[in-house]
Structure formats: structure tokens, C-alpha cells
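Each chain is listed here by its residues.
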Amino acid sequence: MQTARAWDTRYARGGNLPPLAGLPVAVKDVICTTDFPTTCGSRILDGWVPPYDAYVVTRLREAGAVIIGKTNMDEFAMGSSTENSAFGPTRNPWDVSRVPGGSSGGSAAAVAASLAPVALGTDTGGSIRQPAGFCGIVGLKPTYGRVSRYGLVAFASSLDQIGPMTKTAGDAALLLQVLAGRDVRDSTSADLPVPLYKEALNGGVRKLRIGIAAEAFGEGLQADVRHAVSTASRVLEKQGAELVDVSLPTISYALPTYYLIATSEASTNLARYDGVRYGLRAASTDLYSMYTKTRREGFGPEVKRRIMLGTYALSAGYYEGFFLKAQRARTLVRRDFLHAFERVDLILMPTSPTVPFRLGEKVEDPLQMYLADVYTIPVNLAGLPGISIPCGFADGLPIGLQLIGRPFDEPTVLRAAHAYEQATQWHVRRPPLDGATKPPATRSGTSSAGKPPGKPARRSAKQSRAKRSRAKPRRRS
Ligand code: GLN
């Protein structure tokens, strides 16, 4: 509140302000902040307050943002539903019996419910895009290397990226501008100029070649999702884009490849939680049992499963057969994408094969849970930028459209997303739990609640009908 008041005072005085002056931002709790604990949704970090801010947090503060809190997540970002948090699950603001997606489910739900206008998430295999899709918001995973990971608690270092979760592509551009850039403390951060993302928004999609891969529309894709995503592709075509068939034959190997690489990297990254250096320390009589007891009590079941899988895949005798083979498969997946990008500027596919599922539905079946990321994981393996934007609803539950770009071509990704938003306005729909659309504001019919600032109150007849029906009194929980 103090920081916010300080910006208000400066605003009242007039003059130049930094780009995010006074903007409240929620931050996924896997990103280090000196003024809040950082838990990673785990008991093992109990009581740990980072001694430094992550690079992205420093950048946000310098740009005037006010960090208002940390958001819930699957423990160490491992999961697709935010049910793997030591602090209990987060619920989907569109239907509280459903999951918000994960692992950045807290950030997605917070933005969807207008608890924060924008948030940071992280995406190792889909954790920005999948929850964004499930909660009806925009989520951008930048190219690997575009945003520094300094101060991001590592899950799988060759895949992790930080990115914005917002209500519009324009807001994502605004945030990415602040987050992107070279940071000497993360040797994987790219030493490339940062384009002006906001300026790239308005070019439209005329003449843009958008690839459609049959492999991404096969078995397991829910009919409503297929319909919404195909309709979205035709909307873009109508705006002047050219739809081109492309082939991504190896993406069916992406899921097993990812679960070998991500677990292997996680097993080494998580070795540091030993009861000595961070957070929790179990009482014990000797050093070795202190290590094992701390890890037994501190980690949840999914994290333990992954450490075991990763340790196995890296062990002598299995390394060549599993880890090394997965690395080779990863190269093939990347090659498929780069090959397709010789003919197209973007690739379009669903964000997730289904709409948000019910809480508890997949917790007992990890393989089913892993399948929730079947369309997002290949993008991480290839290191590409990808965005999820709202493209429709099925039974009142949001559906996400995924647009994937060439390495470091976030401008084209954002431009197409923005053009789509202008044509459809799915992104202005707000869930019943949206704090910003409380009646009577929504009943007036002229309200701009939930709309991005400065947007004309323009709605299709169908959307107006939907809006009116949403204004009916609802049971709130
Ligand atoms: N759901 C995937 C997993 O569990 C991806 C998670 C992520 O992107 N952090 O690994």
C-alpha cells in the first residue's frame, strides 16, 4: 500500500512515470522476492525468505510495479492442476468445482477473477499457457532465453521460462517489454536486442502464413475444443491470414521425451533441499537421517515420483537408453518445428485437449494428468515462444487457442493474438467470481467492467446476450 501511495503521489504531481507505475502484479511463488517468503508450493521451503529479488522482480519494481502477493502453484511447478500444492488447491473462477490448470493456476485464477490485473507465471511444459487457457486469460511463454531465470527456483533448467499472464495480448506486450533482455547472471539469457512489442501489435494478420498440423487435431481432442480452435483459425483466415497445412510428425514423442528430460533435470536441481541450506529441517540424531527425513517430510508425492524417475533415467546403465535418447528425440521435435517455420510464420493449435477438469479427477492417475500438456510441451522442447488466448467456451468453461512462433518472434505471436482479440472479444468475458464485475455494474448494460481500459464498449449481439444472462444473480462461493 505504501508503494502504491507513493506512485499515486508522484502521479498527482505529473511528469514522466515509468511504464508500470502503480500497477499491481501478482507473482508465482517460485520466483524470489525479498519481501515475501518463497515457498514453491512446498513444505520443504517452510520459512525461507529469499535474500535477493529475481531479475524479473527487480525489473518490475524498477518499472514502477507493485508486487501485491505470491500465487499458489503445483509444488515446484510439477503439475497441471494446482492440486499438488502443500497449501491446498486453487479453484477455477469460472466453476469452483474445476481446476484452474497448472502449475501457474494461482496466477491464472488471480487474473481471471480480477484479484490482480496481471501476473507472472512460469512455463516448463505448459504451465503458463495451459492455466491461461483453463481460466480464459492470455498467457505468453517467451522463447527460451528471452527472459532471465535469475532468481527463478529451478525445476528443469533447459525448459523453464518466466512470462506474463494477462487479460489481453496488449498487456502481455507491455509486461514482456519490462521482463525481456540480457542478464549476465543467467548465462542462458540471450544477448539479442529487445523489440518494441507494443508497436508490433497493430499490423494485423494479412498475408501471415499460419500452419495447421493435423497431428495436433487427432485422437483425444475434445470435440468442443476442436470446434472452437478450428473456428478461430477461420476467423484469422477471414482477416487475411493464409492457412497452410504443415506436418509435425515427431510431436507424438514429445510427452515421453519431456518426462525423461524434465524429471532428470529436476532430480539434480532438487538435490539442494537437504535440510541444511533452505527452509525445513527435520529433527534427527545424525546427519544422514536428517537429510532423508527432511526430504521425506518436505516433498509431496508428485515431487518424489519425479525425483525417482529422473534419478533412474540418469543412472549408469540406463542413461543412454533413456536420458540420451530423450535428448535425441528433443532435437527431432525442434527440427520438425523449424522445418515447418520455413513455410509458415506461426503455428496454430489447441492449448489443451480438454476444457478444465474437475478437482480430484486426475490426481490418482498421473499419466492422464501429464496428457493435459500434450500440445504445450513440444513448444518447450523446441524452445519456441507460444501464447494462449481465449477462443470460446464449452458449457461455460473457457477454451484456449495456442499460437506458436519462430525463436524470438514474440512480435508476430503478439500481433496475431491482438488481431484475433479485435475480431472476437472472447477475452472480455469475465467469470462469475470476477471481483470487478459485481452487480449492479454488470446490469447497467453500458458498463465497461472487465474491459481493458480505453476499449470501446462494442459487443456482438450474441455476446450481449451472454453478458445479460451472466448478470443474473448467481450463487457465490
Ligand atoms: N504440467 C507439466 C509438468 O507437470 C508442466 C509443468 C510446468 O510447465 N511447470 O511438468
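Residues numbered from 1 in each chain as written. Predicted model: local features only at pLDDT ≥ 70, side-chain atom pairs only at ≥ 80, totals over all residues. Heavy atoms only, no water.

Asker: What should I look at first to understand the pairing of strand β1 (residues 24-28) in this one?
Answerer: Regular strands place side chains that alternate from one sheet face to the opposite one. Burial analysis of β1 places four of its five residues in the buried class, which makes it a mostly covered element. Note that β1 and strand β2 (residues 66-71) share five bridges and pair parallel. When the sheet's bridge partners are listed, Val25 is paired in β2 with Ile67. Note that the unit made of β1, helix α2 (residues 55-62) and β2 has a crossover that is right-handed. As paired elements, β1 and strand β3 (residues 118-123) share three bridges and run parallel to each other. (Buried < 20%, exposed > 50% of the residue type's maximum accessible area, 1.4 Å probe, protein only. Helix = DSSP H or I, 4+ residues; strand = E, 2+ residues; numbered from the N terminus. Pairing = 2+ DSSP bridges. Right-handed = clockwise from strand over helix to strand, strands pointing away.)

Asker: How should the site of the ligand be read in this particular structure?
Answerer: In the region of the ligand, 15 residues are neighbours, and Gly125, Ser127, Tyr258, Arg306 and Asp373 sit closest. Between the ligand and Ala77, the relevant distance is 2.8 Å, taken from a nitrogen atom to a main-chain nitrogen or oxygen of the residue. Thr124 places a main-chain nitrogen or oxygen 2.8 Å from an oxygen atom of the ligand. In isolation the ligand exposes 290 Å². Once the protein is present, 100% of that is buried. If you map the ligand onto the pockets, it falls in the largest cavity. (Near = heavy atom within 4 Å. Polar contact = N/O pair within 3.5 Å; in protein donor to acceptor, adjacent residues only side chain to side chain. Areas by Shrake-Rupley, 256 points an atom, 1.4 Å probe, with all protein chains shown as cover. 1 Å grid on protein atoms, 1.4 Å probe; cavity = no way out; pocket = protein on both sides within 12 Å on 5 of 7 lines; lining within 4 Å. Sits in = over half its atoms within 2 Å of the grid points.)

Asker: Mind showing me how you'd approach α2 here?
Answerer: An α-helix turns once per 3.6 residues; consequently, residues spaced three or four apart project the same way. Residues of α2 that are buried include every one of Tyr55, Val56, Val57 and Leu60, and no others. Next to the buried residues of α2 lie β1, β2, β3, β5 (161-166) and α5 (169-179). Looking one or two residues beyond α2, the residue adopting positive phi is Gly64, at roughly 100 degrees. (Contact = heavy atoms within 4.5 Å.)

Asker: Please clarify how the sheet that holds β5 should be interpreted in this entry.
Answerer: Strand pairing in a sheet relies on backbone hydrogen bonds. The paired strands run either parallel or antiparallel. With mixed pairing, the ten strands of this open sheet are ordered in space as β2-β1-β3-β5-β4-β9-β10-β8-β6-β7. At either end of the open sheet lies a strand with only one pairing partner, and these are β2 and β7 (242-246). Averaged over neighbouring strand pairs, the angle between their axes works out to 30 degrees when direction is ignored. One ladder, built from three bridges, connects strand β4 (residues 138-141) with strand β9 (residues 386-394); its direction is antiparallel. Each residue of the ladder has a partner; that of Leu140, found in β9, is Ile387. Here helix α14 (residues 410-424) sits on the sheet and contacts β4, β8 (346-350), β9 and β10 (397-405); the angle it forms with β9, its principal contact strand, is near 20 degrees. (Axes fitted to C-alpha atoms, helices over the stretch in contact; angles between N-to-C directions.)

Asker: Would you take a moment to explain the nonpolar core for this structure?
Answerer: Looking at soluble globular proteins, one finds that nonpolar side chains tend to be buried together. Of all hydrophobic cores here, the largest spans 112 residues; its most connected members are Ile31, Val56, Phe76 and Phe337. Those residues in contact with Ile31 that sit more than four places away from it in its chain are Thr38, Ala54, Val56, Val57, Lys70, Leu120, Thr122, Gly151, Leu152 and Ile162. Ranked by size, the runner-up nonpolar core spans twelve residues in total, among them Trp94, Ala108, Ile128 and Ala132. (Core = buried A, V, L, I, M, F, W, Y, C linked by side-chain atoms within 4.5 Å.)

Asker: Just checking my understanding: could you explain the packing of aromatic side chains for this structure?
Answerer: Given two aromatic rings, one states the distance between the centres and the angle between the planes to describe the pair. In the structure shown here, the tally under the stated rule is 15 aromatic pairs. Pairing Phe76 with Tyr273 gives two aromatic rings, centres 5.0 Å apart and planes at 45 degrees, and the pair type is tilted. Separated by 197 residues along the polypeptide, Phe76 in the loop between β2 and α3 (105-112) and Tyr273 in the loop between α8 (254-269) and α9 (287-298) bring together distant segments of the chain. Each member of the pair Phe76 and Tyr273 is classed as buried. Look at Tyr273 and Phe299: their rings are 6.3 Å apart centre to centre, the planes differ by 85 degrees, and that puts the pair in the edge-to-face class. Taken as a pair, Tyr273 in the loop between α8 and α9 and Phe299 in the loop between α9 and α10 (301-314) lie far apart in primary sequence, 26 residues in all. Among the aromatic residues, those joined into a cluster by ring pairs are Trp48, Phe76, Tyr273, Tyr278 and Phe299. Just above the ring of Tyr150 sits the side chain of Arg185; from NZ or CZ to the centre is 3.9 Å. (Phe/Tyr/Trp six-rings, centres within 6.5 Å; stacked < 30°, edge-to-face > 60°. Lys NZ or Arg CZ within 6 Å of the ring centre and 35° of its normal.)

Asker: Help me understand empty space enclosed by the protein in this model?
Answerer: A probe as big as a water molecule, rolled over the atoms, marks out the empty space that is left. Applying the stated rule across the entire model yields four cavities of 30 Å³ or more. Its boundaries defined by the atoms lining it, the largest cavity holds a volume of some 70 Å³. Lining the largest cavity are 13 residues, and of these Gly79, Ser127, Tyr258, Tyr259 and Asp373 lie nearest its centre. Its residues assigned to classes, the lining of the largest cavity comprises six nonpolar, five polar and two charged. (Points joined across faces, edges and corners; volume = space filled by probe spheres on them. Nonpolar A, V, L, I, M, F, W, Y, C, P; charged D, E, K, R; others polar.)

Asker: In this structure, what is going on with the confidence of the model for the protein chain? I would like to understand it.
Answerer: Looking at the protein chain, the pLDDT average stands at 92 and 91% of residues meet or exceed 70. Within the model, the stretch residues 438-477 combines pLDDT values under 50 with 39 contacts to residues more than four positions away or in other chains. (pLDDT = per-residue confidence, 0-100.)

Asker: How should I be thinking about the pairing of β3 in this particular structure?
Answerer: Most of β3 is tucked away: six of the six residues are buried. Burial along β3 is two-sided: Val118, Leu120 and Thr122 facing one way and Ala119, Gly121 and Asp123 facing the other are all buried.

Asker: Please explain the side chain of Ser388 as it appears in this structure.
Answerer: Note that Ser388 resides in strand β9. Side chain to side chain, Ser388 and Thr351 meet in a polar contact 2.8 Å long. With sequence-adjacent residues up to four places away left out, Ser388 is seen in contact with Arg129, Ala132, Gly133, Ile137, Val138, Gly139, Thr351, Gly400 and Leu401.

Asker: I tried to follow the environment of Pro411 on my own but got confused; where do I start?
Answerer: Mapping Pro411 onto the fold places it in helix α14. For the pair Pro411 and Thr38, spaced 373 residues apart in sequence, the C-alpha separation works out to 32 Å. Aside from chain neighbours lying at most four places away, what touches Pro411 is Pro195, Tyr197 and Ala200.

Asker: Can you help me understand a nonpolar patch on the surface in this one?
Answerer: Judged by side-chain polarity, Tyr312, Tyr318 and Phe322 come together as a nonpolar surface patch covering roughly 280 Å² of accessible area. Locating Phe322 in the fold gives a position in helix α11 (residues 320-340). Residue classification places Phe322 among the partly exposed positions, given a relative accessible area of 32%. (Patch = residues over 30% accessible without salt bridge, like charges linked within 9 Å, V, L, I, M, F, W, Y side chains within 5 Å. Salt bridge = Lys/Arg side-chain N within 4 Å of Asp/Glu carboxyl O.)

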